[in-house]
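Okay, here's what each chain looks like letter by letter:
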Amino acid sequence: MTHRHPDHRSGLVLDTHELVRRAGELKQFTRIAEAPEGIGLDMIGVPPGSPIDLDLTIEAVVEGVLVTGTAEVRLGGQCARCLEELASELEVDLQELFVYPGKDDDDPDASRIEDDLIDLEPLLRDAVVLDLPFTPLCRPDCAGLCPECGANLNHDPEHGHDDAIDPRWAGLNQWTQE
Ligand SMILES: [Zn+2]
Ligand SMILES: [Zn+2]
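All values derive from a computational prediction rather than experimental measurement. (Residues numbered from 1 in each chain as written. Chains lettered and ligands numbered in written order. Predicted model: local features only at pLDDT ≥ 70, side-chain atom pairs only at ≥ 80, totals over all residues. Heavy atoms only, no water.)

Student: Looking at this structure, I do not really get the overall build of the protein chain. What am I missing?
Tutor: The helix and strand tally for the protein chain stands at 2 helices and 9 strands. Burial analysis of the protein chain (178 residues in total) assigns 31% to the buried set. Of all intrachain contacts in the protein chain linking residues separated by at least 6 positions in sequence, the fraction that spans at least 24 positions is 57%. Summing over all exposed atoms, the protein chain offers an accessible surface of approximately 11800 Å²; the carbon and sulfur share of this is 49%. (Helix = DSSP H or I, 4+ residues; strand = E, 2+ residues; numbered from the N terminus. Buried < 20%, exposed > 50% of the residue type's maximum accessible area, 1.4 Å probe, protein only. Contact = heavy atoms within 4.5 Å. Areas by Shrake-Rupley, 256 points an atom, 1.4 Å probe, with all protein chains shown as cover.)

Next comes the structure, spelled out in structure tokens:
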């Protein structure tokens, strides 16, 4: 039997112990957690160690604990057009019911309370990835790179090339016309 306990040292793990297990009990909760590894996609994601601002309401309900609120994360990545570094922020909505042990045991996808702890990381991971842009851009009108020489067209909007035919291709033209 494997034990994957929530790590109580993680800022994304909440202790529900103080929350009296009486349905209707509410607790406001704010915390700045440290981002774990691996939240995001190839091009853009949450830099590990960056701050995550959590602003949550935790409510005791009959089956468990309902967590609602927002998480604000930093994003770092690469512009899909010009390949420059980019940095931005993202606020995601979180809502999840964490069930007490023994409830919903037939539902393998249920989020659970373990040893009075709830782990927000899987929830946060899913919410962030869903909200990430498929094509991250440094700015909406990023001009991208010159297809001929790779110059960044944002830095050099007048950039262009003469239509002069490369001498090597000119030679090839002669061959094909024979
Ligand atoms: Zn760009
Ligand atoms: Zn060019």
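Student: I would appreciate a short explanation of the coordination of the zinc ion (ligand 1) in the present structure.
Tutor: The expected angle between donors at a tetrahedral four-coordinate metal is 109.5 degrees. At an octahedral six-coordinate metal it is 90 or 180 degrees. Taken together, the protein donors to the zinc ion (ligand 1) comprise Cys 79 (SG), Cys 82 (SG), Cys 138 (SG) and Cys 142 (SG), at separations of 2.2 to 2.4 Å. Take Cys 79: its relative accessible area is 0%, and that puts it in the buried class. (Donors = N, O, S within 2.8 Å, 3.2 Å for Na, K, Ca; no water.)

Student: Quick question: what am I supposed to make of the coordination of the zinc ion (ligand 2) here?
Tutor: Within the protein, the zinc ion (ligand 2) binds to Cys 146 (SG), Cys 149 (SG), His 159 (NE2) and His 161 (NE2); these donor distances fall in the range 1.9 to 2.3 Å. Here the zinc ion (ligand 2) is ringed by 4 donor atoms whose angles at the metal span 102 to 117°, and the overall shape comes out tetrahedral. Positions of the donor residues of the zinc ion (ligand 2) along the chain correspond to the pattern C-x2-C-x9-H-x1-H. With relative accessibility at 44%, the residue Cys 149 sits in the partly exposed group. (Tetrahedral: all angles 85-135°; square planar, octahedral: opposite > 155°, others 65-115°.)

Student: In this structure, what is going on with the pairing of strand E7 (residues 85-99)? I would like to understand it.
Tutor: Consecutive side chains of a regular strand alternate in pointing toward one face of the sheet and then the other. Pairing of strand E6 (residues 64-78) with E7 involves 15 bridges; the strand directions are antiparallel. Bridge pairing links Val 65 to Phe 98 in E7. Linking two consecutive strands that pair antiparallel, namely E6 and E7, is a turn of 6 residues; a positive phi of about 65° is found at Leu 83 within it. Both E7 and strand E8 (residues 111-112) contribute to a ladder of 2 bridges, which runs parallel. Across the sheet, the residue bridging to Val 99 is Arg 112, located in E8. (Pairing = 2+ DSSP bridges.)

Student: I'm lost on the nonpolar core in this one. Help?
Tutor: As a rule of thumb, nonpolar side chains are buried together in soluble globular proteins. Within the largest apolar cluster, 34 residues are counted, with the highest numbers of intra-cluster contacts made by Ile 52, Leu 120, Leu 124 and Val 128. Those elements giving two or more residues to this core turn out to be strand E2 (26-34), strand E4 (44-46), strand E5 (51-60), E6, E7 and helix H1 (121-131). When near neighbours in sequence (up to four residues on either side) are disregarded, Leu 124 contacts Leu 12, Ile 39, Ile 52, Ala 71, Val 73, Val 92 and Leu 94. (Core = buried A, V, L, I, M, F, W, Y, C linked by side-chain atoms within 4.5 Å.)

Student: Any chance you could explain the environment of Gln 78 here in plain terms?
Tutor: Position of Gln 78 relative to the elements: it lies in strand E6. Distance from Gln 78 to Pro 136, taken between C-alpha atoms, is 7.1 Å for residues 58 residues apart in sequence. What Gln 78 contacts, discounting residues up to four positions off in sequence, is Met 43, Leu 83, Glu 84, Leu 86 and Pro 136. Side-chain polar atoms of Gln 78 contact the backbone oxygen of Leu 83, separated by 3.4 Å. (Polar contact = N/O pair within 3.5 Å; in protein donor to acceptor, adjacent residues only side chain to side chain.)

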